[in-house]
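One-letter residues, chain by chain:
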Amino acid sequence: MSSKRVVTLAVLAVVFTWSTVMTVLGHGVAAAALLPSLGLLVQQIVQALTAPDGSRPPTSPTAAGAQEPPR
């Protein structure tokens, strides 16, 4: 396992642990408010771990191969 994956899994474990502790200590409302961002974090980590090494999804239309309109 690469060091990048180890660090990614460690960060994910810390975030889940923190969320669990917040809920146990009675801060359920705060934890619930963070659920959307936690879901996005999980989605991005899954995409990063399942993507072939060295490949990244296109970030802009020009990166995907589309041409810019003439100026």
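For the structure, see preceding data.
*Asks:* I tried to follow the environment of Phe16 on my own but got confused; where do I start?
*Replies:* For Phe16, the location among the structural elements is in helix H1 (residues 3–24). Residues Phe16 and Leu38 lie 22 residues apart in sequence; the distance between their C-alpha atoms is 8.6 Å. Each residue touching Phe16, except ones within four places of it in the same chain, is listed here: Leu38 and Val42.

*Asks:* Could you clarify how one ought to interpret H1 in this entry?
*Replies:* For an α-helix, 3.6 residues make a turn, and residues three or four places apart therefore share a direction. Taking 1.5 Å per residue as the helical rise, H1 with its 22 residues ought to reach 32 Å, and the 31 Å between its terminal C-alpha atoms agrees with that figure. Taken together, the buried positions of H1 are Thr8, Leu12, Ser19 and Met22. Projected onto a plane normal to the axis of H1, the buried residues spread over an arc of 90° and lie on a single side. Structural note: H1 exposes Ser3, Val7, Val14 and Val24 on the side pointing more than 90 degrees away from its buried face. Looking one or two places after H1, you find Gly26, whose phi comes out positive at around 95°.

Conventions used here
Residues numbered from 1 in each chain as written. Predicted model: local features only at pLDDT ≥ 70, side-chain atom pairs only at ≥ 80, totals over all residues. Heavy atoms only, no water. Helix = DSSP H or I, 4+ residues; strand = E, 2+ residues; numbered from the N terminus. Contact = heavy atoms within 4.5 Å. Expected span 1.5 Å × (residues − 1). Buried < 20%, exposed > 50% of the residue type's maximum accessible area, 1.4 Å probe, protein only. Arc of directions from axis to C-beta.

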